[in-house]
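# Commentary on secondary and tertiary structure
Read off the chains here:
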Amino acid sequence: MKVMRGGAAMALLMTIAVLTIVTAQLEDQQPPPPMLPEEEVGGCSRTFFSALVQLIPCRAAVAPFSPIPPTESCCSAVVTLGRPCLCLLANGPPLSGIDRSMALQLPQRCSANFPPCDIIN
């Protein structure tokens, strides 16, 4: 059996530690909501993930304690997605770095012409 030197052993231990942490995080994650037929999600024909990706331009406007107003591209994405997809996101799993109450204000802040989402607890 070959004995590892200090640097190689430390690198191996660090690799094992990182893999252990990543594996634990992956096991703790909830699976994304399945893609449902349109009528089951109130008219949103997108998956949770694709709707979320569409709202990337809004990231700064919905960060916790952010004073940044939504940009024109954010508001365009809000209007394009529409109420059903926004409500799908609002009722989805919590997302790190997103203040849900600020996200729920996007339609009003963007002058979108649709009512607020009903939040299912």
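Refer to the structure above for everything that follows.
About the thresholds
Along each chain, residues carry numbers from 1 onward, in the same order as the chain's sequence is written. Only residues with pLDDT of at least 70 get local features here, since the model is predicted, and only at 80 or more are side-chain atom pairs given and counted; chain-wide, interface and lining totals rely on the full set of residues. The basis for every side-chain value is the complete set of heavy atoms in the structure, and neither hydrogens nor water enter the calculation. To qualify as a helix, a DSSP run of H or I must reach at least 4 residues; to qualify as a strand, a run of E must reach at least 2; elements of each kind are numbered from the N terminus. Residue burial is assigned from relative accessible area. The probe radius is 1.4 Å, only protein chains are included, and a residue is buried under 20% of its type maximum, exposed over 50%, and partly exposed in between. Here the open area of atoms and residues is found with the Shrake-Rupley method and a 1.4 Å probe, where only the protein chains shown may cover a residue. Side-chain atoms within 4.5 Å link the members of a nonpolar core, which is a set of buried Ala, Val, Leu, Ile, Met, Phe, Trp, Tyr and Cys residues. Two residues form a contact once any of their heavy atoms are found within 4.5 Å. For salt bridges, the criterion is a side-chain nitrogen of Lys or Arg within 4 Å of an Asp or Glu carboxyl oxygen. With a 1 Å grid laid over protein atoms only, a set of points is called a cavity when a 1.4 Å probe fits there but cannot get out and a pocket when it is open yet has protein on both sides within 12 Å along at least five of seven lines; lining residues have an atom within 4 Å of a point. Grid points are joined across faces, edges and corners, and a volume is the space filled by probe spheres set on the points. Residues are grouped as follows: Ala, Val, Leu, Ile, Met, Phe, Trp, Tyr, Cys and Pro are nonpolar; Asp, Glu, Lys and Arg are charged; every other residue, Gly included, is polar. Helix span, as expected, comes to 1.5 Å for every residue beyond the first. What is called the bend at a residue is the angle between a pair of axes, fitted to the seven residues leading up to and ending at it and to the seven starting from it.

## Regarding the overall build of the protein
Counting secondary structure elements, the protein contains five helices and zero strands. Ordered by position in the sequence, the α and β elements of the protein form the string α-α-α-α-α. Each of the 121 residues in the protein was classed as buried or not, and the buried ones make up 25%. When the accessible surface of the protein is summed, it comes to about 8,700 Å², and 63% of that surface belongs to carbon and sulfur atoms.

## Brief notes about unusual backbone geometry
Glycine aside, residues mostly have negative phi, and peptide bonds are mostly found in the trans state. Its identity is not glycine, yet Phe-65 carries a phi of approximately 65°, on the positive side. Secondary-structure assignment places Phe-65 in the loop between helix H2 (48-54) and helix H3 (72-90). Positioned with a positive phi, Ser-111 is a non-glycine residue whose angle comes to about 55°. Along the chain, Ser-111 falls in the segment after helix H5 (106-109).

## Quick word on the nonpolar core
Among the nonpolar cores identified, the biggest contains 22 residues, and Leu-55, Cys-58, Val-78, Leu-81, Leu-86 and Leu-106 are the most heavily contacted of them. Going through the elements one at a time, H2 and H3 are the ones with two or more residues in this core. A per-element tally of this core places H3 first, with 10 residues. Contact partners of Leu-106, with chain neighbours within four places excluded, come to Cys-58, Ala-61, Val-62, Pro-70, Cys-74 and Val-78.

## Concerning the pattern of salt bridges
Taken as a whole and judged by the stated rule, the model has one salt bridge. Linking Asp-118 and Arg-83 is a salt bridge whose minimum nitrogen-to-oxygen distance equals 4.0 Å. Of the two residues, Asp-118 sits in the segment after H5 while Arg-83 sits in helix H3, which places them 35 residues apart along the sequence. Judged by its relative accessible area of 60%, Asp-118 is exposed.

## Section: the layout of surface pockets
To locate leftover empty space, one rolls a probe as large as a water molecule over the atoms. In this structure, the largest pocket occupies an estimated 400 Å³ of space. Every residue lining the largest pocket is counted, 22 residues in all, and those nearest its centre are Leu-52, Leu-55, Leu-95, Ile-98 and Ala-103. For the lining of the largest pocket, the secondary structure elements donating two or more residues are H2, H3, helix H4 (100-104) and H5. Partitioning the lining of the largest pocket into residue classes produces 20 nonpolar, no polar and two charged.

## So, H3
Because the α-helix completes a turn every 3.6 residues, residues three or four places apart line up on one side. Over its 19 residues, H3 runs only 21 Å from end to end, short of the ideal 27 Å by more than 12%, given 1.5 Å per residue. If you look at H3, its biggest bend is around 100°, right at Gly-82, and the proline Pro-84 turns up within four residues after that. Those residues of H3 not exposed but buried are Cys-74, Cys-75, Ala-77, Val-78, Leu-81, Gly-82, Cys-85, Leu-86, Cys-87, Leu-88, Leu-89 and Ala-90. Contact partners of the buried residues in H3: H2, H4 and H5.

## Structural notes on the environment of Pro-84
Secondary-structure assignment places Pro-84 in helix H3. It is 8.8 Å that separates the C-alpha atoms of Pro-84 and Ser-45, two residues lying 39 residues apart in sequence.

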